[in-house]
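If you want the building blocks of each chain, they are given just below.
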Amino acid sequence: MFEMSRSPVRLLLVSMLGVVSLVALWLAFELRYIWYLDEPTALAMRGGFALAALGILVCWFVAPSRLLVGVLGLAALLFPLVVGLSDVPINLGFLQFAGFVVGLLVVTTHLRRRML
């Protein structure tokens, strides 16, 4: 394969892909869980999501690991079910969209690793 340099254009493109993937993760989370909850529960869920998103950002800047970013992305989307904050069942449509979003995060991490 070709060697990816640290050119400003490539850095900008990887950064933009990172922003798009985090916005897609946030959108999937909000559309799946937040629209029907009361305020205290929604605040707790958003706090958990913010921790997972912060973990992804720290991972991208400190030690980009595709596996860790994938696990954190899945955790951000599935933790409300594990903790018991939501009773919305998982269906195939959501799993497909979540897989796409986590795939975006992993691809961004892969490109970030190649820039090191």
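Everything in this summary refers to the structure shown in the same document. As a convention, each chain's residues are numbered from 1 in the sequence order in which they are written. It should be noted that, the model being predicted, local features are given only for residues of pLDDT at least 70 and side-chain atom pairs only at 80 or more, the latter also being counted only at that level, while totals for whole chains, interfaces and linings use all residues. Side-chain calculation: all heavy atoms of the structure are included, whereas hydrogens and water are not.

Describing the overall build of the protein
A tally of regular secondary structure across the protein gives four helices and zero strands. Strands here mean DSSP runs of E at least two residues long; helices mean DSSP runs of H or I at least four residues long; both are numbered from the N terminus. Starting at the N terminus and walking to the C terminus, you meet the elements of the protein as α-α-α-α. Referenced to the eigenvectors of the C-alpha coordinate spread, the extents of the protein come out at roughly 50 × 25 × 20 Å. Across the 116 residues that make up the protein, the buried fraction comes to 36%. When the accessible surface of the protein is summed, it comes to about 6900 Å², and 75% of that surface belongs to carbon and sulfur atoms. Think of it this way: Lys and Arg go in the positive column, Asp and Glu in the negative one, and His and the chain ends go nowhere. Lys charges are placed at NZ, Arg charges at CZ, Asp charges at CG and Glu charges at CD. Distance between charge centroids for the protein: 21 Å, based on 8 positive and 5 negative side chains. Three exposure classes are used, based on accessible area relative to the maximum for each residue type with a 1.4 Å probe and protein chains only: buried under 20%, partly exposed in between, and exposed over 50%. Surface accessibility in these figures is a Shrake-Rupley result with a 1.4 Å probe; residues are shielded only by whichever protein chains are displayed.

Topic: helix 2 (residues 39-62)
By definition here, a helix of n residues has an expected span of 1.5 Å times n minus one. Given a rise of 1.5 Å per residue, 24 residues ought to cover 34 Å, and the 34 Å separating the end C-alpha atoms of helix 2 matches this to within 8%. By the burial criterion, the buried members of helix 2 are Thr41, Ala42, Met45, Phe49, Ala52, Ala53, Ile56, Cys59 and Trp60. In this structure, the buried residues of helix 2 make contact with helix 1 (8-33), helix 3 (66-83) and helix 4 (92-114). We call two residues contacting when some pair of their heavy atoms lies within 4.5 Å.

A word on a nonpolar patch on the surface
Only residues whose relative accessible area exceeds 30% and that form no salt bridge are eligible for patches; like-charged ones are grouped when within 9 Å, while nonpolar side chains (Val, Leu, Ile, Met, Phe, Trp, Tyr) are grouped when within 5 Å. For salt bridges, the criterion is a side-chain nitrogen of Lys or Arg within 4 Å of an Asp or Glu carboxyl oxygen. Residues Leu51, Leu54, Leu57, Val58, Phe61 and Val62 make up a contiguous nonpolar surface patch of about 630 Å² in total accessible area. Structurally, Leu57 can be placed in helix 2. For Leu57, a relative accessible area of 32% corresponds to the partly exposed category.

Quick look at the pattern of salt bridges
With the rule as written, the count across this model stands at one salt bridge. Between Arg46 and Glu30 there is a salt bridge, and its shortest N-O distance comes to 3.0 Å. Linking Arg46 in helix 2 with Glu30 in helix 1, this pair joins segments that are 16 residues apart in sequence. For Arg46, a relative accessible area of 34% corresponds to the partly exposed category. Residue Glu30 is classed as buried on the basis of its relative accessible area of 14%.

Brief notes about the environment of Leu85
With respect to the secondary-structure elements, Leu85 resides in the loop between helix 3 and helix 4. It is 7.4 Å that separates the C-alpha atoms of Leu85 and Met45, two residues lying 40 residues apart in sequence.

Some details on the side chain of Ser21
By secondary structure assignment, the location of Ser21 is in helix 1. Discounting chain neighbours no more than four positions away, the residues touching Ser21 are Trp60, Val101, Leu104, Leu105 and Thr108.

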